[in-house]
Amino acid sequence: MTAERDGRRSAVALRYDESKNDKAPRVVAKGYGLVAEMIIKRAREEGLFVHESPEMVSLLMQVDLDSHIPPLLYQAVAELLAWLYRLEAGTRDEDAPAAFKRSSA
């Protein structure tokens, strides 16, 4: 996920692996400026979805690296993940809530 803050780009990467019995998604990378750009570049190179949500990024930047997201964010992240699963399955982008539409950034 990406956002702009004080003219600097910020990014947070989440990972959720049911096969490893993750109880919740983990913050696996986060940063501002050049670090954020590298996170975004790497995600795109791997064919991963990059979503822009300044509010979510702001909250996730407060989570320590390799820590699970807090229960307060479960619902919002679950909705995003459910939409991503539908997107990967071929559901049209128009069916998504406005907050989850694919970003061109």
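Summarised in this report is the structure supplied together with it. Everything numeric here is computed off the predicted structure, so don't read it as measured data.

Before going further, it helps to examine helix H3 (residues 74-88). The end-to-end C-alpha distance of H3 is 21 Å, a good match for the 21 Å that 15 residues give at a rise of 1.5 Å each. Within H3, burial applies to Val77, Leu80, Trp83, Leu84 and Leu87. Taken around the axis of H3, the buried residues stretch over an arc of 125 degrees, which confines them to a single face. Following H3 by one or two positions, Gly90 adopts a phi angle in the positive range, close to 105 degrees.

For the rest of this paragraph, the subject is the pattern of salt bridges. Within the structure shown, the criterion is met by seven salt bridges. One salt bridge in this structure joins Asp22 and Arg26, with 3.6 Å as the shortest N-O distance. Since its relative accessible area comes to 14%, Asp22 is described here as buried. According to the relative accessible area criterion, Arg26 is partly exposed, its value standing at 23%. Two residues, Glu45 and Lys41, come together in a salt bridge whose shortest N-O distance is 3.2 Å. Note that Glu45 and Lys41 are positioned in helix H1 (residues 33-45) at a spacing of four residues, about one turn of the helix. With relative accessibility at 51%, the residue Glu45 sits in the exposed group. Members of the salt-bridge network, linked through shared partners, are Arg9, Glu37 and Glu52.

This part covers unusual backbone geometry. Non-glycine residue Asn21 carries a positive phi angle of around 55 degrees. Even without being a glycine, Asp66 presents a positive backbone phi close to 65 degrees.

Let's shift gears to the nonpolar core. One finds Met1, Val12, Val27, Leu60 and Ile69 to be the most contacted residues of the largest nonpolar core, which totals 16 residues. Listed by contribution, the elements that provide at least two residues to this core are helix H2 (54-60) and H3. Element by element, the count of residues in this core is highest for H3, at five residues. Aside from chain neighbours lying at most four places away, what touches Val12 is Met1, Val27, Ala29, Lys30, Val57, Leu60 and Met61. One finds Ala36, Ile39, Ile40 and Ala43 within the second-largest nonpolar core, a separate group that totals six residues.

Here is what the cut-offs are and how they apply
- Residues numbered from 1 in each chain as written.
- Predicted model: local features only at pLDDT ≥ 70, side-chain atom pairs only at ≥ 80, totals over all residues.
- Heavy atoms only, no water.
- Helix = DSSP H or I, 4+ residues; strand = E, 2+ residues; numbered from the N terminus.
- Expected span 1.5 Å × (residues − 1).
- Buried < 20%, exposed > 50% of the residue type's maximum accessible area, 1.4 Å probe, protein only.
- Arc of directions from axis to C-beta.
- Salt bridge = Lys/Arg side-chain N within 4 Å of Asp/Glu carboxyl O.
- Core = buried A, V, L, I, M, F, W, Y, C linked by side-chain atoms within 4.5 Å.
- Contact = heavy atoms within 4.5 Å.

The values are spatial; any link to function lies outside them.
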